[in-house]
Amino acid sequence: LKPQYVPPIDPALRIDGEFEQIATHAVMPRRLAEWTSGVLRPRPTGLRPAGQQAAGGLLDAAGPALRSVVHAIEIPDEWIGWWPFARMAVRGRRFDVVLATVPPYSTAVIARDLARRMRAPLVVDYRDPWTEVVAATGIRSDSRVALYRRIENDVLADADLVFGVTPSICANVRQYVRCPVELLTNGYVPREGPVPARPPGAPNVLTYAGS
């Protein structure tokens, strides 16, 4: 997505000649609801990764009916309005693999559609659980959670490979797939030389690579 929809995590990042980055617009019902309700204020300047935006935010100031409509549209999340733009951006092109990193969860739904159209393998990379997170963060309706479970299962049914960032995520996903599920943790690679041996009794070295 273009920066006005998702501010970049690293604004200084530049894509070199080996890669092509295609950024598109999106339809954002939440933004439209904020304008309609007259509660739109300047967005904070702090950068957040895609999918890390607060669940409520400015939308909380809108009326209950408007919030209900927006939440009904935002399935599986507020980024689903990227779908038609992503499809148009790669129309007529072929790719060897379609990879989706979740969250946000709409990326997996969109990737599944593109992989089917291109007859390319679909790979889903889990940074966090999907339905389990949704169920634990404010969705009280059993039918709503069941809907998310069906959407996730539909994506996984077409997946050719799944990565998980933790052993527990991998174990959970294996319940729902027939394809391989591989552990691919966040990692740390020293910039200069090997990691020196740790003397006995020295404190452990901790690397945190989360969000």
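Rules behind the numbers
- Residues numbered from 1 in each chain as written.
- Predicted model: local features only at pLDDT ≥ 70, side-chain atom pairs only at ≥ 80, totals over all residues.
- Heavy atoms only, no water.
- Helix = DSSP H or I, 4+ residues; strand = E, 2+ residues; numbered from the N terminus.
- Buried < 20%, exposed > 50% of the residue type's maximum accessible area, 1.4 Å probe, protein only.
- Core = buried A, V, L, I, M, F, W, Y, C linked by side-chain atoms within 4.5 Å.
- Contact = heavy atoms within 4.5 Å.
- Axes fitted to C-alpha atoms, helices over the stretch in contact; angles between N-to-C directions.
- Left-handed = near helix turned anticlockwise from the far one by under 90°.
- Nonpolar A, V, L, I, M, F, W, Y, C, P; charged D, E, K, R; others polar.
- Expected span 1.5 Å × (residues − 1).
- Arc of directions from axis to C-beta.
- Phe/Tyr/Trp six-rings, centres within 6.5 Å; stacked < 30°, edge-to-face > 60°.
- Lys NZ or Arg CZ within 6 Å of the ring centre and 35° of its normal.
- Pairing = 2+ DSSP bridges.
- Right-handed = clockwise from strand over helix to strand, strands pointing away.

Residue placement: Ala 171 occurs in helix α7 (residues 167-173). Judged by relative accessible area, Ala 171 falls into the partly exposed class, the value being 44%. It is 8.4 Å that separates the C-alpha atoms of Ala 171 and Val 181, two residues lying 10 residues apart in sequence.

Here we take up the nonpolar core. Of all hydrophobic cores here, the largest spans 33 residues; its most connected members are Val 98, Val 124, Tyr 126, Trp 130, Val 155, Val 162 and Val 173. Going through the elements one at a time, β1 (98-102), α4 (106-118), β2 (122-126), α6 (142-158) and α7 are the ones with two or more residues in this core. Ranked by residues supplied to this core, first place goes to α4 with 7 residues. Each residue touching Val 155, except ones within four places of it in the same chain, is listed here: Ala 108, Val 109, Arg 112, Leu 122, Val 124 and Trp 130. Judged by nonpolar contacts, the second largest core, of 5 residues, contains Tyr 5, Val 6, Ala 26 and Met 28.

Direction vectors running N to C along α4 and α6 enclose 35°, while the axes themselves pass 10 Å from each other. In the packing of α4 onto α6, the handedness of the crossing is left-handed. Judged by residue contacts, Ala 108, Val 109, Arg 112 and Arg 116 of α4 engage Ile 151, Asp 154, Val 155 and Asp 158 from α6. Classifying every residue of the contact of α4 with α6 by side-chain character gives 4 nonpolar, no polar and 4 charged.

Our focus in this paragraph is α6. A rise of 1.5 Å per residue sets the reference length of α6, with its 17 residues, at 24 Å; its end C-alpha atoms lie 25 Å apart and thus fit the reference within 8%. Every buried residue of α6 is accounted for by Val 145, Tyr 148, Arg 149, Ile 151, Glu 152, Val 155 and Leu 156. The buried residues of α6 all sit within an arc of 165° when viewed along its axis, so they share a single face. Opposite the buried face of α6, at more than 90 degrees from it, the exposed residues are Asp 142 and Ser 143. If you follow the buried residues of α6, they end up packed against α4, β2, α5 (131-136), β3 (161-164) and α7.

The full count for this structure, using the stated rule, is 1 aromatic pair. Residues Tyr 105 and Trp 130 carry aromatic rings whose centres are separated by 5.3 Å and whose planes lie at 15° to one another, so their mutual orientation is stacked. A residue pair is termed long-range when its members are at least 10 positions apart, and Tyr 105 in the loop between β1 and α4 and Trp 130 in the loop between β2 and α5 qualify at 25 residues. Like Tyr 105, the residue Trp 130 is buried in the burial classification. Positioned over the ring face of Tyr 176 is Arg 149, at 3.6 Å from the centre of the ring.

This part takes up the pairing of β3. Only one face of β3 is covered, namely the one carrying Val 162 and Gly 164; the face carrying Leu 161 and Phe 163 has none of its residues buried. Strand direction decides the pairing type here: β2 and β3, joined by 4 bridges, are parallel. In the sheet register, Tyr 126 faces β3, and the bridge partner there is Gly 164. By the bridge criterion, 3 bridges tie β3 to strand β4 (residues 181-183) in an arrangement that is parallel. Across the sheet, residue Gly 164 finds its bridge partner in β4, namely Leu 183. Taken together, β3, α7 and β4 constitute a β-α-β crossover, and its handedness is right-handed.

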